Amino acid sequence: MAGDEYFIHPSSEVRELLSQLQELTQPEDIPKRAKLLEYILTQVTLKDFPLLWAKLHIELGHALRQNPTQKPEALKRSIVCYDAAATIYTYEGMLADWVRIQYYKGSALHALAWLLAGGERETTMRSAIACFDAALDGCDSNVVSHHWVAIQNDKGAALRGLADLLRGPGRAGALRASVGCFEAVLQKISREKSPAAWVKTQNNKSMVLRDFGATLGLIAKERTGPLRIKVLRTAIFCCDEALTVSTHEKDPDGWSRIQNNKGNALRELASALTDGVEQKIVLQAAITCYNNALLEQRRELNPTMWAMMQNNKAVTLRELTKNLAGDELVDNLQEIVACYDAVVSVYTREVLPADHYRITYSIGMYLFQKGDWKNAARYLATALDALDDLFVLEITTYGRKATLKAGNDLTAQLAYALIRTGTVDAAKRAAEVLERGRGRITGEVVTRQEAQLTAASKFVPEALLEQFHAASDRLMKISFVGGASDTLQIELSPKNMEVVGEAAEKTALVAANTRLFDYQEAQ
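Since the model is a prediction, treat every value here as computed from it, not as a measurement.

(A) Representation of the overall build of the chain. Scanning the chain for helices and strands turns up 22 helices and zero strands. Scored against the burial criterion, the 523 residues of the chain give a buried share of 48%. Within the chain, contacts between residues at least 6 apart in sequence are counted, and of these 64% link residues at least 24 apart. Carbon and sulfur atoms form 55% of the exposed surface of the chain, whose accessible area is close to 26100 Å².

(B) Spatial organisation of the side chain of Asp154. Mapped onto the fold, Asp154 is located in helix H7 (residues 146–163). No salt bridge is formed by the buried Asp154. Its closest oppositely charged neighbour is Lys200, at 4.5 Å. Apart from the residues within four sequence positions on either side, Asp154 is in contact with Tyr103, Ser107, His110, Phe132 and Lys200.

(C) Here's a closer look at the pattern of salt bridges. As enumerated under the stated definition, the model contains 24 salt bridges in all. Here Glu122 ties to Arg126 by a salt bridge, and the two come within 3.1 Å at their closest N and O atoms. Of this pair, Glu122 and Arg126 both sit in helix H6 (residues 118–137), four residues apart, roughly one helical turn. Here Arg126 falls in the partly exposed class, since its relative accessible area comes to 42%. A salt bridge links Glu241 to Arg191; the nearest nitrogen and oxygen atoms lie 2.7 Å apart. Placement of the pair is Glu241 in helix H10 (residues 221–243) and Arg191 in the loop between helix H8 (168–188) and helix H9 (195–216), with a sequence separation of 50 residues. Exposure remark for Glu241: the relative accessible area of 17% places this residue in the buried category. Looking at Arg191, the relative accessible area reads 28%, which means it is partly exposed. The network of salt bridges with shared partners includes Arg160, Arg210, Asp211, Arg228 and Glu268.

(D) Spotlight on helix H1 (residues 12–23). Counted at 1.5 Å a residue, the expected span for H1 with its 12 residues is 16 Å, and the 17 Å between its end C-alpha atoms agrees. Of the positions making up H1, those classed as buried are Val14, Leu17, Leu18 and Leu21. Angular distribution of buried residues about the axis of H1 spans 100°; they occupy a single face of the element. Those residues of H1 that are exposed and aimed more than 90 degrees away from the buried face are Ser12 and Glu23. Packed against the buried residues of H1 are helix H2 (30–41) and helix H3 (50–66). Looking at where H1 begins, the residue whose side-chain oxygen comes 3.2 Å from the main-chain nitrogen of Glu13 is Ser11.

(E) Geometry of the packing of aromatic side chains. Using the criterion set out here, one finds eight aromatic pairs in the structure. Relative to Trp98, the ring of Tyr91 lies with its centre 4.9 Å away and its plane at 90°, an arrangement referred to as edge-to-face. The buried category is assigned to Trp98, whose relative accessible area is 15%. Considering the side-chain rings of Trp373 and Tyr416, the 5.6 Å spacing of their centres and the 90° angle between planes classify their relative orientation as edge-to-face. Residue Trp373 is found in helix H16 (residues 373–393), and its partner Tyr416 is found in helix H17 (residues 397–421); the two are separated by 43 residues along the sequence. Each member of the aromatic cluster is reached from another via a ring pair, and the members are Tyr82, Tyr103, Tyr104 and Phe132. Sitting over the ring of Trp148, Lys188 keeps its end group 5.0 Å from the ring centre. The side chain of Arg378 reaches across the aromatic face of Tyr379, ending 4.7 Å from its centre.

(F) Looking closely at H8. In a regular helix each residue adds 1.5 Å, so 21 residues correspond to 30 Å; H8 covers 31 Å between its end C-alpha atoms and thus fits that length. Buried residues of H8: Arg171, Ala172, Ala174, Leu175, Ser178, Val179, Cys181, Phe182, Val185 and Leu186, and no others. Buried residues belonging to H8 abut H7 and H9.

(G) Spatial organisation of the packing of H6 against H7. Remark: H6 packs on H7, axes separated minimally by 9 Å, with the N-to-C direction vectors making an angle of 155°. Viewed along their axes, H6 and H7 adopt a mutual orientation that is roughly antiparallel. Note that H6 runs across H7; the crossing there is left-handed. Every residue of H7 that contacts H6 at Glu122, Met125, Arg126, Ile129, Phe132, Asp133, Ala135 and Leu136 is listed here: Trp148, Ile151, Gln152, Asp154, Lys155, Ala158, Leu159, Gly161 and Leu162.

Cut-offs applied
Residues numbered from 1 in each chain as written. Predicted model: local features only at pLDDT ≥ 70, side-chain atom pairs only at ≥ 80, totals over all residues. Heavy atoms only, no water. Helix = DSSP H or I, 4+ residues; strand = E, 2+ residues; numbered from the N terminus. Buried < 20%, exposed > 50% of the residue type's maximum accessible area, 1.4 Å probe, protein only. Contact = heavy atoms within 4.5 Å. Areas by Shrake-Rupley, 256 points an atom, 1.4 Å probe, with all protein chains shown as cover. Lys, Arg positive; Asp, Glu negative; His and termini not counted. Salt bridge = Lys/Arg side-chain N within 4 Å of Asp/Glu carboxyl O. Expected span 1.5 Å × (residues − 1). Arc of directions from axis to C-beta. Polar contact = N/O pair within 3.5 Å; in protein donor to acceptor, adjacent residues only side chain to side chain. Phe/Tyr/Trp six-rings, centres within 6.5 Å; stacked < 30°, edge-to-face > 60°. Lys NZ or Arg CZ within 6 Å of the ring centre and 35° of its normal. Axes fitted to C-alpha atoms, helices over the stretch in contact; angles between N-to-C directions. Parallel < 35°, antiparallel > 145°, perpendicular 65-115°, else oblique. Left-handed = near helix turned anticlockwise from the far one by under 90°.

The structure is reproduced here in structure tokens:
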């Protein structure tokens, strides 16, 4: 940064504090560094030492942006710091410094956007892109600096993030603009002179092209088929180019991530092809990429990345099963189960119940459709456990109703899968599952009745309130009728649940579902 006032200050205390600041350079020192900067700024005034004041605000902005705790609040404060610094390092007076500040602010806004949701995320992402544009406008177009490359890459990444929030032409336009950022960089740098930046840009471009290919897949194939295939083959080419520099020996972690991205592009390409044989070849190539990627990932070191790659592999294996039969299909299903077992060992019910439910229910129903009743029942059972956790955590009436509906479907599906396992205690376990679903509904009825009675007592005339009590009691009696009786277990016996074909299975599910006694009226 411009200015030489960093240690020019009349106060010996401030000079000592600045010396201490220069010693706090390690990642673990960031929180302490932020606190020290905040204190120094109480001793340095804008009027007397404007350049030092501005530089300290930039340093504080960096420390807050890199702070691993209190992320949203810290990022918002870092943006305020950069804005303060920009009042001194102006476009007219100190252009190079102003450009850097715009870049820093854009980076903070980009990081903040991912911590927000809905319209607030989109607004913040657009603000980040505006900062990157401002920074690029201030750069000399004839000079390819490290900052220019970094700004273009980050702008491309922000445009990709914005595209995730958009639909239709807006999404496609953001993705095209993102590709344009990466192509601008690749036109100015080479693998020989700037290998690290070149690899990063090729990889970034490949991911955006893959997203663009997926977007084209939402349009009728006869309109976009050839273009989609061309875009996805270009994405794969970008990965192959990056892998010429980021080799397994020189950069194992980077090589692993690029292999994963190449696998994603190959899987998307397979969905664009119409020839079954070619699809199978491409999907097998994608699985090879995921296997390569997993060679350098460890659950202990980077569990999230490891689980993501396991999930990508599982999704691709599921696509591959469409072209398999016999022993090859059985082996493939076993590999799918192994991948999802790995995924849910990270996305656990205790830590991430919503993700755990989503994943286990998805694979459970997939195995249900494939007739793997044992594993389907295992996954659906853990999905039901996670759903119970989510029901307890849900505080809105709408949310609880939605969870009840999901639980209603899930208990019926799990009960049916248990019956189809053919184990000795299958009927008993299925009955217990259905009783568990009925108990959840009954508990909700009791809770809602108590809340309604409390509210009614405040506003309703006494005579009408007595009628309300009577109606509420009637619903309670309905919800408590029946139970997981011996009769229910007999009705759920394998002999009485024999089905043939998809229509019969659906009928059996509906039949099991109705055993949740008088669900509609109790609801």
